Amino acid sequence: MGQDQTKQQIEKGLQLYQSNQTEKALEVWMKVLEKSSDLVGRFRVLGCLVTAHSEMGRYKEMLKFAVVQIDTARELEDADFLLESYLNLARSNEKLCEFHKTISYCKTCLGLPGTRAGAQLGGQVSLSMGNAFLGLSVFQKALESFEKALRYAHNNDDAMLECRVCCSLGSFYAQVKESMKIALQHGDRPLQALCLLCFADIHRSRGDLETAFPRYDSAMSIMTEIGNRLGQVQALLGVAKCWVARKAPDKALDAIERAQDLAEEVGNKLSQLKLHCLSESIYRSKGLQRELRAHVVRFHECVEETELYCGLCGESIGEKNSRLQALPCSHIFHLRCLQNNGTRSCPNCRRSSMKPGFV
């Protein structure tokens, strides 16, 4: 089956599918898959099969076709096709409640080089990741992913994506509400504070700042009472974002300054990085170049301090699926780099590297 005939058959299947003749559409697409030698056509028909089986609730079949689509994308050696196929693989695992695999495949999508499809599919990747984190009850990461998906939806005027994100946020709210009920029943103050933070973040993401502010205040009060300084940082960061949304940059900077002091006290580099990033955007909007440069410098310093790099090749550790080796002195390298280095001592501190452990 040639390229033109493949296109015609895919279109015929779509017309049948849209007229609710699903089984006939599947028959047409399966014949294309059996007979067509056109790789692009095969990739497209596999996408149709993935979507159809997803909507019918046949998630194991969905996963089977997603795996075949990955192989086809690799044959095509096209980053756009690879991104789409990894997203389908992530969605398939999400439907099967294989949440750790979903997150892994979503991270693979986000780690791919910039593609034409990235702007269109990035929001769907963030939504799948958010649903997976929600399935694992990792509420903060779930909400961060949903917020990213919403930004994609708004930036691309994607009403369908926005609708799907709002549905997921509804499920998120219900789970946090149930957790809050349990926390109150058992007098669990740390869990209460976490739930209040989640509620506040939800209202902020929806633009309901009047409700968000008192929730942040309540969370901050409990975090202070129990001595959770990192929790206080998260609450203050949320308050700062609310003030930014209110177009009150000076009040936002006051909250950031308080949060920055706490983050430095506990030595949390990731929180410092987020705070410098927000400060940078505020000073850029105010046109204050000196303060802007200072935060840009500190932001990049935090990035360097939180990243792990192999001391031999200089590449970032964790970006690729490479085996690592930890030496007794706690320095970590790529295993291949150590094997090629040919020395028995640590390349960083020169201490003896007896009995190394693998990471």
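What you are looking at is a predicted structure, and each value in this text was computed from that prediction instead of being measured. (Residues numbered from 1 in each chain as written. Predicted model: local features only at pLDDT ≥ 70, side-chain atom pairs only at ≥ 80, totals over all residues. Heavy atoms only, no water.)

### Focus: the overall build of the chain
- Scanning the chain for helices and strands turns up 16 helices and three strands.
- In the chain, which comprises 359 residues, the proportion classed as buried is 44%.
- Within the chain, contacts between residues separated by at least 24 positions form 50% of all contacts whose residues are at least 6 apart in sequence.
- Accessible area of the chain: about 19600 Å², with a carbon and sulfur share of 50%. (Helix = DSSP H or I, 4+ residues; strand = E, 2+ residues; numbered from the N terminus. Buried < 20%, exposed > 50% of the residue type's maximum accessible area, 1.4 Å probe, protein only. Contact = heavy atoms within 4.5 Å. Areas by Shrake-Rupley, 256 points an atom, 1.4 Å probe, with all protein chains shown as cover.)

### Let's talk about the packing of aromatic side chains
- Applying the stated criterion across every chain, the model contains seven aromatic pairs.
- Ring plane angle 85° and centroid distance 5.7 Å describe the contact between Phe139 and Phe172, whose orientation is recorded as edge-to-face. In this pair, Phe139 sits in helix H8 (residues 139-155) while Phe172 sits in helix H9 (residues 159-186), placing the two residues 33 residues apart along the sequence.
- Arranged with centres 4.7 Å apart and planes meeting at 50°, the rings of Phe213 and Trp243 form a pair that is tilted. Placement of the pair is Phe213 in helix H11 (residues 209-226) and Trp243 in helix H12 (residues 229-245), with a sequence separation of 30 residues. You'll find Phe213 and Trp243 in the same group, each marked buried. (Phe/Tyr/Trp six-rings, centres within 6.5 Å; stacked < 30°, edge-to-face > 60°.)

### Section: the nonpolar core
- Counting 89 residues, the largest nonpolar core has Trp29, Phe146, Val165 and Phe172 as the members making the most contacts within it.
- Split by domain, the residues of this core number at least three in each of domain 1 (78-186) and domain 2 (187-306).
- Not counting chain neighbours up to four residues away, the residues in contact with Val165 comprise Leu127, Phe146, Ala149 and Leu150.
- Cys310, Phe333, Cys337 and Leu338 belong to the second largest nonpolar core, which has five residues in total. (Core = buried A, V, L, I, M, F, W, Y, C linked by side-chain atoms within 4.5 Å. Domains from an automatic or database assignment.)

### Examining the environment of Ser126
- Position of Ser126 relative to the elements: it lies in helix H7 (residues 118-135).
- What makes Ser126 buried here is its relative accessible area of 4%.
- Taking the C-alpha atoms as reference, Ser126 lies 9.6 Å from Val165; in sequence the two are 39 residues apart.
- Setting aside chain neighbours within four positions, we find Ser126 in contact with Ser145, Lys148, Ala149 and Tyr152.

### Points about the side chain of Glu147
- When you line up the elements, Glu147 lands in helix H8.
- On the basis of relative accessible area, Glu147 is assigned to the buried category, the value being 12%.
- What Glu147 contacts, discounting residues up to four positions off in sequence, is Asp201, Arg204 and Ser205.

### Topic: the UniProt feature "repeat: TPR" (unreviewed entry) in the chain
- Feature annotation in UniProt places "repeat: TPR" (unreviewed entry) on residues 123-156, given in this structure's numbering.
- Secondary structure across residues 123-156 divides into 88% helix and 0% strand, with the first and last C-alpha atoms of the span separated by 9 Å. (UniProt positions renumbered as here; feature names shortened; annotations may be inferred.)

### Focus on a negative patch on the surface
- A grouping of Asp254, Glu257, Asp261 and Glu264 is seen on the molecular surface, where their side chains present a negatively charged patch.
- Following the sequence through the fold, Asp254 ends up in helix H13 (residues 249-266).
- Residue Asp254 is classed as partly exposed on the basis of its relative accessible area of 48%. (Patch = residues over 30% accessible without salt bridge, like charges linked within 9 Å, V, L, I, M, F, W, Y side chains within 5 Å. Salt bridge = Lys/Arg side-chain N within 4 Å of Asp/Glu carboxyl O. Lys, Arg positive; Asp, Glu negative; His and termini not counted. Charge placed at Lys NZ, Arg CZ, Asp CG, Glu CD.)

### A few points about H12
- An ideal rise of 1.5 Å per residue puts 24 Å on 17 residues; H12 measures up with 24 Å between its terminal C-alpha atoms.
- Residues of H12 that are buried include every one of Gly231, Gln232, Val233, Ala235, Leu236, Leu237, Gly238, Val239, Ala240, Cys242 and Trp243, and no others.
- In this fold, the buried residues of H12 make contact with helix H10 (189-205), H11, H13 and helix H14 (269-286).
- The opening residue of H12 is Asn228, an N-cap whose side-chain oxygen sits 3.3 Å from the backbone nitrogen of Leu230.
- Positioned one or two residues after H12, Lys247 has a phi angle of 60°, which is positive. (Expected span 1.5 Å × (residues − 1). Polar contact = N/O pair within 3.5 Å; in protein donor to acceptor, adjacent residues only side chain to side chain.)

### Considering the pattern of salt bridges
- According to the stated counting rule, one finds 15 salt bridges in the structure shown.
- The partner of Lys181 in a salt bridge is Glu178, with the nearest N and O atoms 3.7 Å apart. With Lys181 and Glu178 both in helix H9, this residue pair falls three residues apart, about one helical turn.
- By relative accessible area, Lys181 is classed as partly exposed at 44%.
- For Glu178, a relative accessible area of 42% corresponds to the partly exposed category.
- In the salt-bridge network here, residues are joined through shared partners; they are Glu147, Asp201 and Arg204.

### Things to note about the environment of Glu75
- Inspection of the secondary structure puts Glu75 in helix H4 (residues 59-76).
- Relative accessible area serves as the criterion here: at 55%, Glu75 is assigned to the exposed category.

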